[in-house]
Structures are given as C-alpha cells and as structure tokens.
Amino acid sequence: MNYQAILNQIQKDIKPYLGQGKVADYIPALAGIDPIKFGMSIHTVDGIHAHIGDAQENFSIQSISKILTLTMAIAANDAGIWKRVGREPSGSKFNSLIQLELEQGIPRNPFINAGAHVITDIICSHIREPKEAILEFVRMISMNDQIDFDYAVAQSERETGNRNLAMGYFMKSFGNIHNKVREVLDVYFHQCSLSMSCSDLSKAFLYLANEGVIPSSEKAIIPKKASDRINALMLTCGMYDSVGDFAYRVGLPSKSGVGGGIVSIVPGEMSIAVWSPGLSESGNSLAGTKALELFVNYTGKTIF
Ligand code: DON
C-alpha cells in the first residue's frame, strides 16, 4: 500500500475541517496555538514511515502522556494498580469530579485525569526521580534525545490546575493518593507538557503495535499481554465520553490529548499520530478524528 499517497490525499480532504472546534484555552499557555495546524505521521512495524503537513512540528502531547505513565507503572510490576483504578469507560468528561465521590475515590480508568493522577502516584512510589525517568523512557522509545518538557506549559498548568488539585486532594481523602498531592501533580503537569511531533509519537508507540517490543531494536518494553491490555483500555477509554462514536468511525485503540494530538494503533501493523488543535466538546481533535476516519476508509485498517 502506498501510505504516502494516501496521506497526501488526506491532506487535501482535510482542508475544510481545519480550524473547526476550540483550542484548549483553559491551559493559558496553549491558548495561542494556531488552530489550522495539521500534521499526520505513520510508522509501520516493518520500518515504513510516511508523513504530511506539520508532522515534524512539536506540540504539547497532554493526555497522550497517560499511555507513557501507564506503561511505566505496569513495567514497575505494581500489584495494586487495578485495586486503585478501574477499567471502565467513564461516560463523562476527562476532568469530571462527579464519579469520584460516588465510587469512593477510585477513578473509572487510567486515562481520565483522576486515573492518571493515581498512575503517576504509583510511579512516584516506585521511582526516586519520576520526571527524569519519564523523560528517559520517552526519549528511548521515540529514539529522540531532544524530547523535553515544555516548562512554560507545565508552569501554566500548575498555576491554573485547580480542578486537578481538587481531584488529587479528594482522592487523598479516600487514601488513594499515597504521596504528597502537590508532588504528584507536579510530575503529572510535566508529563502532560511533553513537547513532541507526530513523527516522534508515531515512532514512540510502535511497541503497542508490536506486542510490547520496539521493532527496530527488538527491545521488550512490556509483555505482549500488557501491550494487548493497554490497547484494550485505549479502545474503551482513550477518547473519553466520545469513545463510542470514535470506535464507530475509526475503530482503532487511540488516545487523545487537549493539545490536539491523537495516537492510534493498528495492532501488528503500525502506529499513527495526528495533530490539529481544534477540539470537540469531549476534548478530542476534530480534524484529527476526521483524518483518522479517512485513513481507515482508504486503507481498511481497522480492528473490526
Ligand atoms: O490535566 C489536564 O486537564 C490536561 N493536562 C490534560 C487533559 C487532556 O489532555 C485530556 N485529553 N483530551
């Protein structure tokens, strides 16, 4: 299949969708991003790479980082993960507080904000320098030593992230955050601020398309079973309260971020990353979702 030709076609088809939706201005440092940016990149397990548009431009990966920390927590072999975080879609917004009280401080899944706080808390309990470890991990899987936090974005979220802090303290009241809330949230804001391109992201998540192993180096990141399960969680929880519509239209395990990025996995074949900053009500890139839908329509690459 000529993936570059398919991506070139998508770049033409997507034009009417660019600029739709709303840039995530609740994080002030993200408010000024040009809404018509668009990039898309694929890496296959056989070593094929194709990209279009702004695929080499860095953006804030935000909640896509929740796959990194979940992988690290699973790799740390923490036996308690699934006692402290659920595995069900939430049906509510990524930063909703409402279920936490009803469900005794146990977040529905590791991809909503509260669930990601618990996962980051687990990492903080296992790793002495968690921010450095996250950087080291993401640089290793993307084979790019230049990847870094965007400290201005992290600071912006630290100053305005009252809802995240509220969730953290609320879960602490149920005993589900073990470390200091401000320290856990500091790590969380930094992981969200990671600045990466579509090209970096599609390369980084190839291990999820290849049974937990980086194809080019054959380095095992997590066991196959764990990789399958992360894909299952991405399919059922990765796109928040529009996960059903997304599965209907795209049908691939995926994870979005409010920076406008989405990563999708075609198990056994490839990892795809797309970026366009205009978001839906659910916090997912509108043009990014459309581009993935077009990709699946043109290639037939869906898990269904
Ligand atoms: O905590 C937040 O609200 C952001 N740092 C991340 C949220 C996010 O990316 C949700 N994804 N669509």
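All figures in this text were calculated on a predicted structure; none of them were measured in a lab.

K.L.:
Where do I start with the sheet that holds strand β4 (residues 148-149) in this structure?
P.N.:
Across a sheet, strands are paired by hydrogen bonds formed along the backbone, either parallel or antiparallel in direction. Within the open sheet, the 3 strands sit side by side as β3-β5-β4. Their pairing is antiparallel. Two strands bound the open sheet, and with one partner strand each, they are β3 (59-60) and β4. Sheet topology places β3 next to strand β5 (residues 194-196); 2 bridges connect them, and they run antiparallel. Directly across from S60, in β5, lies its bridge partner S195.

K.L.:
So what exactly am I meant to see when it comes to the site of the ligand here?
P.N.:
Taken together, 14 residues are adjacent to the ligand, and Y26, Q62, S63, E157 and Y188 come closest. At 3.0 Å, a backbone N or O of G283 approaches a nitrogen atom of the ligand. Summarising the interface, the protein chains cover 99% of the accessible area of the ligand, which totals 340 Å² for the free molecule. In the shell around the ligand, the residues fall into 6 nonpolar, 7 polar and 1 charged.

K.L.:
Would you take a moment to explain helix α5 (residues 113-126) for this structure?
P.N.:
Owing to its 3.6 residues per turn, the α-helix aligns residues three or four sequence positions apart on the same side. Taking 1.5 Å as the rise per residue, α5 with 14 residues should run 20 Å; its terminal C-alpha atoms sit 20 Å apart, in good agreement. By the criterion of burial, α5 is predominantly enclosed, with 12 of the 14 residues buried. Those residues of α5 not exposed but buried are N113, A114, G115, A116, H117, V118, I119, T120, D121, I122, I123 and C124. Of the surrounding secondary structure, the elements contacted by the buried residues of α5 are α2 (65-75), α3 (81-84), α4 (98-102), α6 (130-142), α8 (162-173) and α9 (181-193).

K.L.:
Before we go on, may I ask you to explain the packing of helix α7 (residues 151-160) against α9 in this structure?
P.N.:
Look at α7 against α9: their axes get within 8 Å of each other, and the N-to-C directions meet at 135°. Comparing the axis directions of α7 and α9 gives the class oblique. Like other packed secondary-structure pairs, α7 and α9 cross with a definite hand, here right-handed. For the pair α7 and α9, contact is made by Y151, V153, A154, E157 and R158 and by D186, F189, H190, C192 and S193, respectively. Here the contact of α7 with α9 is built from residues that sort into 5 nonpolar, 2 polar and 3 charged.

K.L.:
I keep staring at the nonpolar core and nothing clicks. Help me out?
P.N.:
The nonpolar side chains of a soluble globular protein tend to be buried, and buried together. Core analysis: the largest hydrophobic core is formed by 62 residues, its most contacted members being I67, L194, L201, F205, Y207 and L208. I14, I42, L252 and A291 belong to the second largest nonpolar core, which has 26 residues in total.

K.L.:
What am I meant to see in the packing of α8 against α9 here?
P.N.:
Packed helix pairs are specified by the crossing angle of their axes together with the interaxial distance, meaning the distance between the axes. α9 packs onto α8 with a crossing angle of 135° between their chain directions and a minimal axis gap of 10 Å. In terms of their interaxial angle, α8 and α9 are classed as oblique. Pair α8 / α9 crosses with right-handed handedness. Here N164, L165, G168, Y169 and K172 of α8 lie close against α9, whose contacting residues are V181, R182, L185, Y188 and F189.

K.L.:
Even after reading the chapter, I still don't get the side chain of S256, so can you show me in this structure?
P.N.:
Relative to the helices and strands, S256 resides in strand β8 (residues 254-256). By relative accessible area, which is 0% here, S256 ends up buried. Here the side chain of S256 touches N284 through a polar contact of 2.6 Å, side chain to side chain.

K.L.:
Which parts of the structure should I look at to understand the pattern of salt bridges?
P.N.:
Pairs may arise between side chains of opposite charge once their charged atoms sit close together. In the structure shown here, the tally under the stated rule is 11 salt bridges. Across the pair K37 and E57 runs a salt bridge whose closest N-O atoms are separated by 3.0 Å. Separated by 20 residues along the polypeptide, K37 in the loop between α1 (3-13) and β1 (39-44) and E57 in the loop between β2 (49-53) and β3 bring together distant segments of the chain. Taking the relative accessible area as the measure of exposure, E57 reaches 31% and is therefore partly exposed. In this structure, E103 and R108 form a salt bridge, with 2.8 Å as the shortest nitrogen-oxygen distance. You can call E103 partly exposed: its relative accessible area is 25%. If you follow the salt bridges from partner to partner, you end up with D245, R249, K290 and E293 in one network.

K.L.:
For this particular structure, what's the right way to read the pairing of strand β9 (residues 261-266)?
P.N.:
For a regular strand, side chains alternate in direction, first toward one face of the sheet and then toward the other. Burial analysis of β9 places 6 of its 6 residues in the buried class, which makes it a mostly covered element. Side chains of β9 alternate between two faces, with G261, V263 and I265 and I262, S264 and V266 buried alike. Taking the residues that link successive antiparallel strands as the turn, the β8-β9 hairpin has 4 residues, and the phi of G260 there is positive, at about 100°. Pairing of β9 with strand β10 (residues 270-275) involves 6 bridges; the strand directions are antiparallel. Residue G261 lies in a different strand from β10, and its bridge partner there is W275. Connecting β9 to the antiparallel partner β10 that follows it, the hairpin turn spans 3 residues, and G268 within it adopts a positive phi of roughly 85°.

Parameters at a glance
- Residues numbered from 1 in each chain as written.
- Predicted model: local features only at pLDDT ≥ 70, side-chain atom pairs only at ≥ 80, totals over all residues.
- Heavy atoms only, no water.
- Pairing = 2+ DSSP bridges.
- Helix = DSSP H or I, 4+ residues; strand = E, 2+ residues; numbered from the N terminus.
- Near = heavy atom within 4 Å.
- Polar contact = N/O pair within 3.5 Å; in protein donor to acceptor, adjacent residues only side chain to side chain.
- Areas by Shrake-Rupley, 256 points an atom, 1.4 Å probe, with all protein chains shown as cover.
- Nonpolar A, V, L, I, M, F, W, Y, C, P; charged D, E, K, R; others polar.
- Expected span 1.5 Å × (residues − 1).
- Buried < 20%, exposed > 50% of the residue type's maximum accessible area, 1.4 Å probe, protein only.
- Contact = heavy atoms within 4.5 Å.
- Axes fitted to C-alpha atoms, helices over the stretch in contact; angles between N-to-C directions.
- Parallel < 35°, antiparallel > 145°, perpendicular 65-115°, else oblique.
- Left-handed = near helix turned anticlockwise from the far one by under 90°.
- Core = buried A, V, L, I, M, F, W, Y, C linked by side-chain atoms within 4.5 Å.
- Salt bridge = Lys/Arg side-chain N within 4 Å of Asp/Glu carboxyl O.

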